[in-house]
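# Structural overview
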Amino acid sequence: MKTTRHPERLRPFRAVGPGGSEGSRDPSAPVGPQDDGKFGFETRAFDTQTNARTGLIRTPHGQIHTPIFMPVGTQGTVKGLTPRQVEKTGAEIILSNAYHLYVRPGIETLQKAGGLHSFMGWSKPILTDSGGYQIFSLTRLRKLSEEGVGFQSHFDGREIFLTPEKVVEIQEILGSDIAMVLDECPPYTQERKPVKNSLELTARWAKRSKAAHQKEDQALFGIVQGGIFPDLRRESLARTVEIDFDGYALGGVFVGESREESLEILHQIGPEMPEDRPRYLMGAGTPLELLEAVSSGLDLFDCVTPTRYGRTGSAFTSKGLVVVRNGKYNQDFQPIDPDCRCYTCENFSRSYLRHLFNCNEMLGPALVSLHNVYFLIELLGRIRQEIEQGTFGTFKRNFEGQFDSNQR
Ligand SMILES: [Zn+2]
């Protein structure tokens, strides 16, 4: 079947990164009904032992093979790395933050720049978080009402009032491929009442967000709240799905509850999220969290850990964290991870990296951040392969078995 294409809207898709298992797209191959530069999602393979699955998301800025890790560029930069370096890790999408960019440099600047892609020099897909989590965790003197949330900017104390509609408008101007609704993110609590009130407000805001959203080539995702209570999670999920979003996120997981409580929510709610939409777990990013989330059927993940750990010299490996400042690496001329193929591991030793950190050289944090981002992108690429080969369950058990038991 020949499908009509719209060249004025369709930007060229790029080849899949090194972590992908699909190979490059053949430009002469027939295109699916969703290959029109708009948002689309299809599932590809399902694991037989867990709820893990692979899939493909199409966006105006290219394809995303799921499950995938999204490096975080809160301020329009993945800290310490150039966009070219980020792309070379195999990253197919990054995350940025509407609230932070609204505070600085301001939405007028981003509008004049032609949106976030051109402002920051990144041509692949971007997901923007609404900033709900940041507003409810970073700012002071919040005034929460049905209409929206008023607060002082965490940066200069300026009074700001944001509504669900305004947050949609900001993300439309940023031009991200995937936008998130504004949600209320209550702190971790074992009390039901505040969690119930919060999910109800989030559901009403979600409805307004959907009604306000106009940008046709941008996906809008709803966010499921409900804390540690499976029944409240289900209620939030049902109310969010009723509104009909392009994808669904689990918010408020790994925010202070115990590991067992987080996993309980993941394992129960993940598989119940709509199968035909992308499922995004917000803010999870250690190797073991990612394995659990993938096995619960989640597709998209983000976390600041790769660059935050990178800045202090803590490096992910398949056996646990390597802290390069540690004195025992003084004359250790192995790479951080002998199995890793990143630029850092192919060229530099633990001894040299330790030296850079000891001398406060800026290359140290940059090189360890680069390794950490690569490591998680590569891990998810490997996970996609294992799911497609039907061996994910075994891979997960082996990975967990060799991981340092003190770091779980
Ligand atoms: Zn490496």
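These numbers come from a predicted model, not from an experiment. (Residues numbered from 1 in each chain as written. Predicted model: local features only at pLDDT ≥ 70, side-chain atom pairs only at ≥ 80, totals over all residues.)

### A closer look at the overall build of the protein chain
Of regular secondary structure, the protein chain possesses 15 helices and 16 strands. Taking 2.2 N^0.38 as the reference for a compact globule, 408 residues should give roughly 22 Å; the C-alpha atoms of the protein chain span a radius of gyration of 21 Å, in line with that estimate. By principal-axis analysis of the C-alpha atoms, the protein chain measures approximately 60 × 60 × 45 Å. Taking the intrachain contacts of the protein chain between residues at least 6 apart in sequence as the baseline, contacts between residues at least 24 apart amount to 68%. (Helix = DSSP H or I, 4+ residues; strand = E, 2+ residues; numbered from the N terminus. Rg over C-alpha atoms; globule rule 2.2 N^0.38 Å. Contact = placed C-beta atoms within 7 Å.)

### With respect to the nonpolar core
Counting residues in each nonpolar core, the largest one holds 100 residues, and the members touching the most others are Phe221 and Phe301. Per-element tally for this core: the top contributor is helix α14 (residues 363–389), with 13 residues. In this structure, this core is formed jointly by two domains, domain 1 (67–303) and domain 2 (309–373), each of which donates at least three residues. With residues up to four places along the chain from it excluded, the contact list for Phe301 reads Phe69, Met70, Leu281, Ala284, Gly285, Leu290 and Ala293. (Core = buried A, V, L, I, M, F, W, Y, C linked by C-beta atoms within 7 Å. Buried ≥ 20, exposed ≤ 12 C-beta atoms within 10 Å, placed from the backbone. Domains from an automatic or database assignment.)

### Observations concerning unusual backbone geometry
Following Thr66, the chain continues into Pro67 via a peptide bond in cis, with omega recorded as 0°. Along the chain, the position of Pro67 falls in the loop between β3 (62–66) and β4 (68–71). Between Arg104 and the following residue, Pro105, the backbone shows a cis peptide bond with an omega angle of 5°. Among the secondary structure elements, Pro105 is positioned in the loop between α2 (98–103) and α3 (107–112). A positive phi is found at Phe254, a non-glycine position, where the angle reads about 60°. Checked against the element boundaries, Phe254 lands in the loop between β12 (247–250) and α9 (259–269). With a phi close to 55°, Asn360 is a non-glycine residue in the positive phi region. Looking at where Asn360 falls in the secondary structure, it is placed in the loop between α13 (350–358) and α14. We classify Asn360 as exposed; it has 8 C-beta atoms within 10 Å.

### Some remarks on the sheet that holds strand β1 (residues 40–46)
Across the sheet, which stays open at both edges, the three strands sit in the order β1-β2-β3 with antiparallel pairing between neighbours. Each of the sheet's edge strands pairs with one partner strand only, and the pair in question is β1 and β3. Neighbour to neighbour, the strand axes of the sheet diverge by 15° on average, direction disregarded. The sheet contacts of α14 involve β1, β2 (53–59) and β3, and relative to β2 the element is tilted by about 125°. (Pairing = 2+ DSSP bridges. Axes fitted to C-alpha atoms, helices over the stretch in contact; angles between N-to-C directions.)

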